[in-house]
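Examination of the molecular architecture
The chain contents come next:
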Amino acid sequence: MYQIVPVAPGEQQTVGGSPMKKKLSHEGRPMVLAGLLGCVLVLAAVVSWCYYSASLRKAQLLKAELLDLNKDGFIIHNMTGAVVFSMTFRSGTLDLDSCSKEGNILSCTQSDSGKLNFFIQTVRPKDTVICYRVRWEELQSKRSVEHAMAYNDSHCDVYSNRDAFGGILERYWLSSNATAIKINDSVPFHLGWSEKDRTLRFQARYQDSPFKPAEGQQALPELSYRVCVGLDVTSIHKYMVRRYFPKPSKVPSPEVFKQPLWSTWALHKTAVTQDKLLQYASDITEHGFTCSHLELDDRYTSDYGEFDFDPQKFPNASGMFDKLREDGFRVSLWTHPFINYDSINFGVAVEKGLFVREPSGELPALVRWWNGIGGILDFTNPEAREWYSSHLHMIKTRYGVTSFKFDAGESSYLPRQFSTMVPLSDPSTFTRRYTEMVIPFSERAELRVGYQSQDISCFFRIIDRDSVWGYELGLKSIIPTFVLPDMIGGNAYPNRTTGTSDGKNVLPDRELYIRWLELSAFMPAMQFSIPPWAYDNEVVQIAQKFTELHKTLVAPRVLELAGEVLDTGDPIIRPLWWIAINDEAAYKIDSQFLIGDDLMVAPVLEPGKQERDIYLPAGRWRSYKGEHFDKCPMYLTDYPVDLDEIAFFTWVH
């Protein structure tokens, strides 16, 4: 069969000949090209679809419930879709092709530096809480692992004093975005932060570090932690405390909550003597004050590391204790874990092997502390624990001592490299072992360190405060605090005191002392050292007024809350946001606090002020003056507070 092709005028027609063939070839070329282009486009569309489908599957693979993972980190959303948590991998990136998902576990086996064990496991412990177990474990590289948590859109306080965070710490952070993070105990953990970038940096490393891997394991770092998200900041904190921290077993001495403690330290420092202690006790009684117990601080022994009285300074210690008992005083003594090299007990401890040792284990490790150079007792050694405890019991029995103030105990006083009888992978475990020495004396004992020590029922105090206004170890740093704030007026250290000096003694500023006194009256316990009568009769009267207010108003509520802590773990002293979880203003206020949920305190913390701005969260409040405020939340601007007053408000049901 053939086809007739019309010929244009003047055009030669040839059937089966060459001219016709050339004509067809010339005209069909665009059609062929179009066809090829169409095939390419179809192929590209198919490839793009396949790539899109693979990317979609990969994107779904890299998602967990409310969590998105990428090679550089992960983010967590809340139920409304807002980002509430962001973590960046600073030390490496994931090879996403090595990632897989099985059930509620998302895992990866490769990073840019080699093999690793990485996973995120999603857990729902309750309907209102979702948690993510995160682990990055290096399997080849010994370099550090570092993740950075951003807190740009949340309220997260990072507070330190002179490059130190303090002595009572846990690996736990809480954000106003209703998120919390808990670093696992097994991590060789280091913390850093950047104010500029608003990030906390969590690092795991063994190199150039006091951490050691478990015996028989390589020094391959592992950073593991839990991130939990709840409905609000208060409820997620309550969940974390109940889930991850122990609770006290009992409430310590109610008398210490009710009556002030009186210490010799800020007043006499190391120059304390028998006569000075007896005079101090006499002055307390003469000026009409009560006393839970007297605290005889540094230095009553001849040398540091001994357990009896210096006969030069305390020529009749037994008679002194008899006199104090007759006058109704209990006495506690200062103690610490050091034995200086010039003490008679240094040689004893060396011979018995009671000290923390150098890495070789052959020689005791000498440490420098604020009172000299010596050894530090190894509290992983049962013999050292028994030796130390027996000496405390001996002096307690001989003189009728009530309890002890246990000073130091921070792992920072350990040598950078050391060995103990029981190897410590985490040097913070040393702090825990030291705090355990308190248990037999816990009714009135005092500690300034704590790590996983919530179940030790004693009085934890903050580190020494300077006699200054402001945040840098001053009055403002008292909020928030622990059960026992520092001495009223601070420690009166030379060159770190706002006040007057006669060349020998330093006296904190009068106004500072009064405002410190008023704030302390609303803390769980009060502690004097510099006495009110060092100023004038008006200060004595103000002190009497506030010690009585503490006894009648504050202590009963604190003791009630202390009983609840045994079951709940909820703090006694609480921030304003505890009862105002959706109130942005409440998160920004650090100069007011709550005792429980229904007593709010607003101290004056600035010099020369007899007024202050006060924020009342939602609810009905009654002031200490009898005023009622029903249309809250509200600000009270320039609210008058006289020098002998502190503003406080009770919540009206």
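Residues numbered from 1 in each chain as written. Predicted model: local features only at pLDDT ≥ 70, side-chain atom pairs only at ≥ 80, totals over all residues. Heavy atoms only, no water.

- An unreviewed UniProt entry lists the protein under the name Myogenesis-regulating glycosidase, with Dissostichus eleginoides as the source organism.
- Recorded in UniProt under Sequence similarities (unreviewed entry), the annotation for the protein is "Belongs to the glycosyl hydrolase 31 family."
- In the Subunit (unreviewed entry) part of its UniProt record, the protein is described as follows: "Interacts with IGF2; this interaction is required for IGF2 secretion." (UniProt positions renumbered as here; feature names shortened; annotations may be inferred.)

1. Side note on the sheet that holds strand S2 (residues 67-70)
- The 7 strands are arranged S1-S2-S3-S4-S9-S13-S12 in an open sheet whose pairing can be described as antiparallel. Strand pairing shows two members of the sheet lacking a second neighbour, strand S1 (63-64) and strand S12 (189-194), which therefore form its edges.
- As paired strands, S12 and strand S13 (residues 199-204) are joined by 6 bridges and run antiparallel to one another. Bridge pairing in S13 places Phe189 opposite Ala204. (Pairing = 2+ DSSP bridges. Helix = DSSP H or I, 4+ residues; strand = E, 2+ residues; numbered from the N terminus.)

2. Focus on the sheet that holds strand S17 (residues 331-335)
- One open sheet holds the 7 strands; their spatial order is S23-S22-S21-S17-S16-S15-S26, and the pairing between them is parallel. Whereas interior strands pair on both sides, the edge strands pair on one side only; in this sheet they are strand S23 (459-460) and strand S26 (527-528).
- Of the pairings in the sheet, the one linking strand S21 (residues 403-406) to strand S22 (residues 446-447) comprises 2 bridges and is parallel in character. Across the sheet, residue Lys405 finds its bridge partner in S22, namely Glu446.
- Sheet contacts for helix H5 (residues 274-286): strand S15 (261-263), strand S16 (293-296) and S26; angle to S16, the most-contacted strand, approximately 155°. (Contact = heavy atoms within 4.5 Å. Axes fitted to C-alpha atoms, helices over the stretch in contact; angles between N-to-C directions.)

3. Quick look at helix H10 (residues 510-520)
- With 9 of its 11 residues buried, H10 lies for the most part within the structure.
- Taken together, the buried positions of H10 are occupied by Leu512, Tyr513, Ile514, Arg515, Trp516, Leu517, Glu518, Leu519 and Ser520.
- Residues of H10 that are buried make contact with S26, helix H11 (537-568) and strand S28 (593-595).
- With a side-chain oxygen positioned 3.2 Å from the backbone nitrogen of Glu511, the residue opening H10 is Asp509. (Buried < 20%, exposed > 50% of the residue type's maximum accessible area, 1.4 Å probe, protein only. Polar contact = N/O pair within 3.5 Å; in protein donor to acceptor, adjacent residues only side chain to side chain.)

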